[in-house]
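# Survey of secondary and tertiary structure
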Amino acid sequence: MMPGWLDSVLTYLLQWGPHHDPPKQNMDDIDDLEDVFELMFSCGWGLVVAIFVLLLLFWLFLYLLSLRNQYNLAGKHVLITGGSSGIGKAVAKEALLRGAEVVTILARNEEKLEATKSELERLITPKLDQRVNTISADVCSEELQEELEIGLSGLPPVDVLINSAGITFTASFQDTTPQDFEKQLQVNVLGSVRPTKVLLPDMIEKQQGRIVFISSMAGQTALYGYTAYSASKYAVRGLAEVLDMELKVHNIRVSVSFPPDTDTPMLQGELGQRSPIVKAQAGFGSVFKAESVARDICRGIERGKFLITHGFDGFLLGVIATGMSPVYHWATLITEVVCLGLFRLVGCVYITLFYNIVRRETKKAKKQN
Ligand SMILES: NC(=O)c1ccc[n+]([C@@H]2O[C@H](COP(=O)([O-])OP(=O)(O)OC[C@H]3O[C@@H](n4cnc5c(N)ncnc54)[C@H](OP(=O)(O)O)[C@@H]3O)[C@@H](O)[C@H]2O)c1
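Residues numbered from 1 in each chain as written. Predicted model: local features only at pLDDT ≥ 70, side-chain atom pairs only at ≥ 80, totals over all residues.

The name that an unreviewed UniProt entry assigns to the protein is 3-dehydrosphinganine reductase, with the source organism given as Geodia barretti. Of the protein, the UniProt comment under Subcellular location (unreviewed entry) reads exactly: "Endoplasmic reticulum". (UniProt positions renumbered as here; feature names shortened; annotations may be inferred.)

Here's what the structure looks like:
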């Protein structure tokens, strides 16, 4: 038996659209597959449009479901490496605004940590009994375990770890030394591995937790002048994918964020190093505010997203570079399947333009020399 509403829709369509044969006037006339095909032909575009609209509504329904929170930052202990500046600091603010009970920020420079702590404490809601804690440590240090144990003593266990500490570097491959590669990999990759290793056993014991890695758009696509940085940020994504597979059974979810150029002290410092090619390629995107990136990250954690992208370009690149990443929701999967072909085409246009920039600027530089 067909539901009444579907019966009415199909009956209506029977009388609408370009008819090749005398259309059937009643649903009772539809008995077998042949009749269904006849109905489709007789209804022409009407049926196609109706199916499209139904699919769209179904997708919209799934999409709305995907917006529901699966996790709540309220009442949690959130530890942010690199929390004294830029994206990390903005995430610390956002976590407090979302009701986190304890926010621990970790970085090396104590003065910066104290200044950020005072800034964050202004956001505290007294009745929520929120606290801001600081730990001065180097994420690459052998003593990190000890420093974290001391810095976290007397506090509730960490529920959410955000690995935001990172450094950047831009120069062509010829001007990048093996030591530059080592430094990038040390801080950006091992500097995320070490805190995760220290805090994970506790999360596994509690069978709950969230771990976030901060990669970059340079961890999804080639950008001129970032061989060392890109290598480290692609590695972060690989790390996050495998870790999610290993930890899901423990009810621990992993996310990875891919920020575009974001207005932070890191970006300000890097702008001076940028070659004309890097500047021209960066000109295709806009500079995001750290607050907006932080909002996406916190929202992504609460919705249980694996890939956290930022803005429309980020969404487009996220779909193209989705690869074999874990599926977080049916709505996302459908979006990826439907958009992938077209987005790949758009991506091809971008990458061709990027190669053209390299050719043009290299020619220009040769002429000037
Ligand atoms: N800004 C962008 O355009 C952008 C774009 C894509 C991705 N990202 C990524 O986002 C993350 C945050 O970048 P940001 O722009 O917020 O940078 P930022 O403003 O320079 O902040 C970096 C933070 O990391 C800390 N840090 C650096 N090295 C550390 C170490 N060895 N041990 C402990 N803490 C360390 C810094 O404090 P101390 O120096 O005091 O230790 C600071 O708190 C990085 O992973 C970066 O690669 C940034």
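For the rest of this paragraph, the subject is the pairing of strand β2 (residues 102-107). Every other side chain in a regular strand lies on the same face of the sheet, so the side chains alternate between the two faces. Of all 6 residues in β2, 6 are buried, a share of seventy percent or more. The sheet contact formed by strand β1 (residues 77-81) and β2 spans 5 bridges and is parallel. Residue T81 lies in a different strand from β2, and its bridge partner there is L106. Read as a crossover between parallel neighbours, the route from β1 over helix α4 (residues 86-97) to β2 is right-handed. Bridge count for β2 against strand β3 (residues 131-136) is 6 bridges, and the pairing is parallel. Bridge pairing in β3 places I105 opposite T134. With helix α5 (residues 110-121) bridging β2 and its parallel neighbour β3, the resulting β-α-β unit is right-handed. (Buried ≥ 20, exposed ≤ 12 C-beta atoms within 10 Å, placed from the backbone. Helix = DSSP H or I, 4+ residues; strand = E, 2+ residues; numbered from the N terminus. Pairing = 2+ DSSP bridges. Right-handed = clockwise from strand over helix to strand, strands pointing away.)

Before going further, it helps to examine the site of the ligand. By nearness alone, 30 residues border the ligand, and G82, G86, N109, G166 and M266 come closest of all. Partitioning the shell around the ligand into residue classes produces 12 nonpolar, 14 polar and 4 charged. (Near = placed C-beta within 6 Å. Nonpolar A, V, L, I, M, F, W, Y, C, P; charged D, E, K, R; others polar.)

UniProt records the feature "transmembrane region" (unreviewed entry) for residues 39-65, 306-324 and 330-358 in the present numbering. The span residues 306-324 shows a helical share of 53% and a strand share of 11%, and its end C-alpha atoms are spaced 12 Å apart. In this annotation, residues 330-358 is assigned 100% helix and 0% strand; the end-to-end C-alpha distance for the span is 39 Å.

Its identity is not glycine, yet D129 carries a phi of approximately 55°, on the positive side. With respect to the helices, strands and loops of the structure, D129 is situated in the loop between α5 and β3. Its identity is not glycine, yet N251 carries a phi of approximately 65°, on the positive side. By the secondary structure assignment, N251 is in the loop between α8 (227-247) and β6 (252-257).

So, on to the sheet that holds β6. Taken together, the 7 strands give an open sheet; going across it, the order is β3-β2-β1-β4-β5-β6-β9, and neighbouring strands pair in parallel fashion. Looking at strand neighbours, the two that pair on one side only are β3 and β9 (307-308), the edges of this open sheet. Strand direction decides the pairing type here: strand β4 (residues 160-163) and strand β5 (residues 209-214), joined by 4 bridges, are parallel. In the strand pairing of β5, N163 is matched with F213. Sheet strands touched by helix α11 (residues 290-303): β4, β5, β6 and β9. Its angle to β6, the strand with the most contacts, is close to 155°. (Contact = placed C-beta atoms within 7 Å. Axes fitted to C-alpha atoms, helices over the stretch in contact; angles between N-to-C directions.)

Attention shifts here to the nonpolar core. Residues V78, V91, A95 and V103 are the most contacted members of the largest nonpolar core, which totals 53 residues. If sequence neighbours within four positions are ignored, A95 has contacts with L73, V78, A100, V103 and C298. If you look at the next biggest cluster of nonpolar residues, it comprises 14 residues, including M217, L223, Y226 and V319. (Core = buried A, V, L, I, M, F, W, Y, C linked by C-beta atoms within 7 Å.)

A few words now on the environment of V193. Tracing the backbone through its elements, the reader meets V193 in helix α7 (residues 178-206). Expressed as a C-alpha distance, the spacing of V193 and V236, which sit 43 residues apart in the sequence, is 9.1 Å.

Let's shift gears to the packing of helix α12 (residues 311-320) against helix α13 (residues 330-368). Contact geometry of α12 with α13 gives a least axis separation of 8 Å together with a crossing angle of 105°. As the angle between them shows, α12 and α13 are arranged roughly perpendicular. Packed against α12, whose contacting residues are L316, V319 and I320, the element α13 presents E336, C339, L340, F343, R344, V346 and G347 at the interface. Within the contact of α12 with α13, the residues separate by chemical class into 7 nonpolar, 1 polar and 2 charged. (Parallel < 35°, antiparallel > 145°, perpendicular 65-115°, else oblique.)

Here the focus is α7. A turn of α-helix holds 3.6 residues, and therefore any two residues three or four places apart point the same way. The terminal C-alpha atoms of α7 lie 41 Å apart, and with 29 residues this matches the ideal 42 Å at 1.5 Å per residue to within 8%. Along its length, α7 shows its largest kink, about 40°, at L199, and proline P201 lies within four residues downstream of that point. For α7, every residue scored as buried is listed here: Q184, N188, V189, G191, S192, R194, P195, L199 and M203. Lining the buried residues of α7 we find β1, α6 (144-152), β4, β5, α8 and β6. One or two residues past the end of α7 sits Q207, with phi positive at roughly 55°. (Expected span 1.5 Å × (residues − 1). Bend = angle between axes of the 7 residues up to and from the residue.)

Turning our attention to α4. Its 12 residues give α4 an end-to-end C-alpha distance of 17 Å, which sits within 8% of 16 Å, the value for a rise of 1.5 Å per residue. Buried residues dominate α4, accounting for 11 of its 12 residues. Where α4 is concerned, the buried positions are G86, I87, G88, K89, A90, V91, A92, K93, E94, A95 and L96. At the C-terminal side of α4, G99 shows a positive phi close to 95°.

The next point concerns the packing of α4 against α11. It is at 8 Å that the axes of α4 and α11 come closest, and there the two elements cross at 55°. Judged on the interaxial angle alone, α11 and α4 are oblique. As α4 runs across α11, the sense of the crossing is right-handed. Seen from α4, the contacting residues are G86, I87, A90, V91, K93, E94 and A95; seen from α11, they are A290, E291, V293, A294, R295, I297 and C298. Of the residues assigned to the contact of α4 with α11, the class counts are 9 nonpolar, 1 polar and 4 charged. (Left-handed = near helix turned anticlockwise from the far one by under 90°.)

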